[in-house]
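Topology and contacts: notes
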Amino acid sequence: MWWDERVSARFRRNLQPTLTYWSVFFSFGLCIAFLGPTLLDLRCQTQSSLSQITWVFFSQQFCLLLGSCLGGVFKRTLAQSLFALFASSLAISLVFAIIPLCHNVVVLAVVMAVAGLAMGCIDTISNMQLVKIYQKDSAIFLQALHFFVGFGALLSPLIADPFLSDTNCILSNSTANASSNLPHIRKSLVPHHPGNLSHYDLPMKGMVVTRVSYAFWIMALINLPVPIAVFFLLYKERMVPCFNGSSHPLLSADELAMETRPTEKDDLSTSVQRPHAAGGHDDFFGCCQSKNFRGASYTYFAVHITGALVLFMTDGIVGEYSGFVYSYAVEEPLSVVHKVAGYLPSLFWGFITLGRLISIPISYRMKPATMVFINVVGVLITFLLLLIFSYSIVFLFVGTALLGLFLSSTFPSMLAYTEDILQYRGCATTVLVTGAGIGEMVLQLLVGSIIHDRGSYSFLVCGMIFGGLAFTFYAFLVFFHRMYPKPSSDLDDVSPDKPAIPDDTGQYQR
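Residues numbered from 1 in each chain as written. Predicted model: local features only at pLDDT ≥ 70, side-chain atom pairs only at ≥ 80, totals over all residues. Heavy atoms only, no water.

**What to know about the overall build of the chain**
For clarity, the threshold we go by: Only DSSP runs of H or I with at least four residues qualify as helices, and only runs of E with at least two residues qualify as strands; both kinds are numbered from the N terminus onward. Each residue's exposure class comes from its accessible area (1.4 Å probe, protein chains only) as a fraction of the maximum for that residue type: buried when under 20%, exposed when over 50%, partly exposed otherwise. Only heavy atoms matter for contacts: two residues are in contact if any of them lie within 4.5 Å across the pair. With residues, only the protein chains shown are counted as cover, and all accessible areas are computed by Shrake-Rupley using a 1.4 Å probe.
Within the chain one finds 22 helices and two strands. Taking all 510 residues of the chain together, 57% fall into the buried category. Nonlocal contacts in the chain, meaning residues at least 24 apart in sequence, comprise 83% of its contacts between residues at least 6 apart. Entry remark: accessible area of the chain is about 21000 Å², with carbon and sulfur atoms responsible for 67%.

Spelled out as structure tokens, the structure:
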């Protein structure tokens, strides 16, 4: 294997839980990307207007954010985390199965809200558990985790595509004109921003003709092995009722020597054990309790805040770019043909997935701080070039691919970097996941309003501003990192801003 034997031994020791968390994140990706292309068919199924159906986007995104905030509640024990992941992944399969039965837009919004809560829990718990298992070696495994969400996000639109309606799926006498614009309307729909599509007269009454139900049932079946995998992990760990004994196999002598061998950076890990396995990770509201602030220096708060702000900007860019690049391309001055412009969001997500795959080996050789620096500088330079060559269709495609590559590894690298600064204490995972979710929701709504008022060119200007802010916040994070207290043997384990002794045995913690 291309990594060292210590990391390899730890991976072998935690193979089943690691693969399970990766598969659960595939569920997350499968659920996050299907709504856009299927929204018009769901509009027909619920016989609602364009403005009504786009609220389904909002219900999913808002509850995803809420689920991210609450996900840390289930981190207190491994059993709680796994049961929450089992319930969440099973809920996603049930949501896929139930969606074809929703013939009212309010019911559909409620079902998608449940999916959003499940996705938020998956996002927080999977990241948190991988960080807890691998700690200072977590960067490479987080990169792989986020590759699976990209893979799922690519797969679900491909599954849905053969079942999408080519003409308006509500048959009436007034569908002829609207049907010819159906591909354009489909690619222009973004969360609660129908934009300038309101002049299209899509009928709300008539005979519904759609086959999109088959796509959802296929995705429900594809996702079904994920909760089964989580259940098997629960069974292996003897957490299923009637099986409550320990099942941890003993390490071999060679593995034990490799896993517990002290290094320069973990001298303390061999002499003192952590008093609790949770490591200070908490839910979003638990992080705000005053007991967590006692004795904390300002750098403790600054690292959390600046790390979250970087992801607020970068994940916000992902949301706004994927949502509006098509609308930008078909407007003047580029006026790209609708069918050609439709490839831009797919190209963007494709290079995000490719970048996450490439980042897996790179993250083993490169520090997370360096990767984040390359990412934010790359995003800033790409937006600058997109502004300079704003009349070039070719560079729009090149820039879209570059943005996907630079944004691909930002979240896992930032998470690994921030957790490393805090010595795996505090609330970094929960705060960063929540900050990223807020950014993706808020910036998409903000950019949609600005484009509506100022025109399509403001799309790139907003991206440039967000990229500049991401770089600025990253510079502040590096500054606060240099001022953050370094590990010392005489520091106690009471204050959240004092480094904890990492549990570096590589064992799967209960």
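Additional details are given in the paragraphs that follow.
**Points about a nonpolar patch on the surface**
Put simply, the rule reads: Each patch is assembled from residues with relative accessible area greater than 30% and no salt bridge, linking like charges that lie within 9 Å and nonpolar side chains (Val, Leu, Ile, Met, Phe, Trp, Tyr) that lie within 5 Å. A carboxyl oxygen of Asp or Glu within 4 Å of a side-chain nitrogen of Lys or Arg is what we treat as a salt bridge.
Residues Leu94, Ile98, Leu101, Tyr214, Trp217, Ile218 and Ile222 make up a contiguous nonpolar surface patch of roughly 650 Å² in combined accessible area. Where the nonpolar patch is concerned, the elements lending two or more residues are helix H6 (78–98) and helix H11 (212–223). At four residues, the largest contribution of residues to the nonpolar patch is made by H11. For Ile98, the position within the fold is in helix H6.

**Structural notes on unusual backbone geometry**
Cis geometry is adopted by the peptide bond preceding Pro333, which originates at Glu332 and carries an omega value of 10°. By secondary structure assignment, the location of Pro333 is in the loop between helix H15 (298–330) and helix H16 (338–341). Positive phi values are uncommon outside glycine, yet Gln47 reaches one of about 50°. Residue position: Gln47 is located in the loop between helix H3 (35–46) and helix H4 (50–53). Residue class for Gln47 comes out partly exposed when judged on its relative accessible area of 28%. Although it is not a glycine, Ser335 adopts a positive phi angle of roughly 50°. Looking at the secondary structure, you find Ser335 in the loop between H15 and H16.

**With respect to the pattern of salt bridges**
Scanning the entire structure with this criterion turns up four salt bridges. Its salt-bridge partner being Lys136, residue Asp137 comes within 3.9 Å of it at the nearest N-O pair. Note on Lys136: relative accessible area 31%, which makes it partly exposed. Connected via shared salt-bridge partners are Arg6, Arg10, Lys136 and Asp137.

**Description of the packing of helix H8 (residues 138–160) against H11**
We count it as follows: Throughout, an axis means a line fitted to C-alpha atoms (over the contacting stretch in the case of helices), and angles, computed between N-to-C directions, take values from 0 to 180 degrees. Handedness of a crossing is defined here by the sense of rotation of the near helix relative to the far one, left-handed for an anticlockwise turn of less than a right angle and right-handed for a clockwise turn. Three categories are distinguished: nonpolar for Ala, Val, Leu, Ile, Met, Phe, Trp, Tyr, Cys and Pro, charged for Asp, Glu, Lys and Arg, and polar for the others, with Gly belonging to the last.
Interaxial distance between H8 and H11 falls to 9 Å at its minimum, and their mutual angle equals 140°. Crossing of H8 over H11 shows right-handed handedness. Residue-level contacts link Ser156, Ile159 and Ala160 of H8 to Ala215, Ile218, Met219 and Ile222 of H11. Among the residues forming the contact of H8 with H11, the class breakdown is six nonpolar, one polar and no charged.

**Observations concerning the packing of H15 against helix H19 (residues 393–408)**
If you want to describe how two helices pack, look at the angle between their axes and the distance between the axes. To be explicit about the condition: Between 65 and 115 degrees an angle is taken as roughly perpendicular, under 35 as roughly parallel, over 145 as roughly antiparallel, and anywhere else as oblique.
The contact between H15 and H19 brings their axes to 11 Å, and the two run at 160°. By the criterion of interaxial angle, the relationship of H15 to H19 is roughly antiparallel. The crossing of H15 and H19 is left-handed. Between H15 and H19, the contacting residues are Thr314, Ile317, Val318, Tyr321, Val325, Tyr328 and Ala329 on the first element and Leu396, Thr400, Leu403 and Leu407 on the second. Broken down by class, the residue content of the contact of H15 with H19 amounts to nine nonpolar, two polar and no charged.

**Quick notes on the environment of Phe479**
With respect to the helices and strands, the residue Phe479 is situated in helix H22 (residues 458–483). We classify Phe479 as partly exposed; its relative accessible area is 46%. Sequence separation of Phe479 and Thr299 is 180 residues, and the distance between their C-alpha atoms is 9.5 Å.

**Considerations on the confidence of the model for the chain**
Reading fine detail from the predicted coordinates is not recommended where pLDDT is low. To be explicit about the condition: pLDDT expresses how confident the predictor is about each individual residue, on a scale running from 0 to 100.
In this model, the chain carries an average pLDDT of 79, and 75% of its residues clear a pLDDT of 70 or more. Within the chain, helix H13 (residues 253–260) has the poorest average pLDDT of any element, 46, and helix H18 (residues 368–388) the best, 95. In the model, residues 245–281 has pLDDT below 50 throughout and makes 70 contacts with residues more than four positions away in sequence or in other chains. The low-confidence segment residues 489–507, where pLDDT is below 50, has 59 contacts with residues more than four positions distant or belonging to other chains.

**Side note on helix H7 (residues 105–134)**
We apply this condition: By definition here, a helix of n residues has an expected span of 1.5 Å times n minus one. Polar contacts here mean pairs of N or O atoms no more than 3.5 Å apart (in protein, one a potential hydrogen donor and the other a potential acceptor; neighbouring residues in sequence count only if both atoms are side-chain atoms).
When the terminal C-alpha atoms of H7 are compared, their 43 Å separation across 30 residues agrees well with the 44 Å that a helix rising 1.5 Å per residue should span. Burial runs high along H7: 25 of the 30 residues are buried. Between the side-chain oxygen of the N-cap and the backbone nitrogen of Val106 there are 2.8 Å, and the N-cap of H7 in question is Asn104. After H7 finishes, the residue Gln135 shows a positive phi value of roughly 45°.

**Observations regarding the packing of aromatic side chains**
Basically, it comes down to this: Centres within 6.5 Å make a pair out of two Phe, Tyr or Trp rings, where for Trp the six-membered ring is used; the pair is then stacked when the planes are under 30 degrees apart, edge-to-face when over 60, and tilted otherwise.
Enumeration according to the criterion identifies 28 aromatic pairs in this entry. Pairing Phe86 with Phe231 gives two aromatic rings, centres 6.1 Å apart and planes at 50°, and the pair type is tilted. Of this pair, Phe86 sits in helix H6 while Phe231 sits in helix H12 (residues 225–236); the two residues are 145 residues apart in sequence, bridging distant segments of the chain. The class of Phe86 is partly exposed, set by a relative accessible area of 24%. Classification of Phe231 by relative accessible area gives partly exposed; the value is 36%. Ring centres of Tyr321 and Phe459 lie 5.2 Å apart, and the angle between their planes is 35°; this geometry places the pair in the tilted category. Residue Tyr321 is located in helix H15, and its partner Phe459 is located in helix H22; the two are separated by 138 residues in the primary sequence. When sorted by exposure, Tyr321 lands in the same class as Phe459, which is buried.

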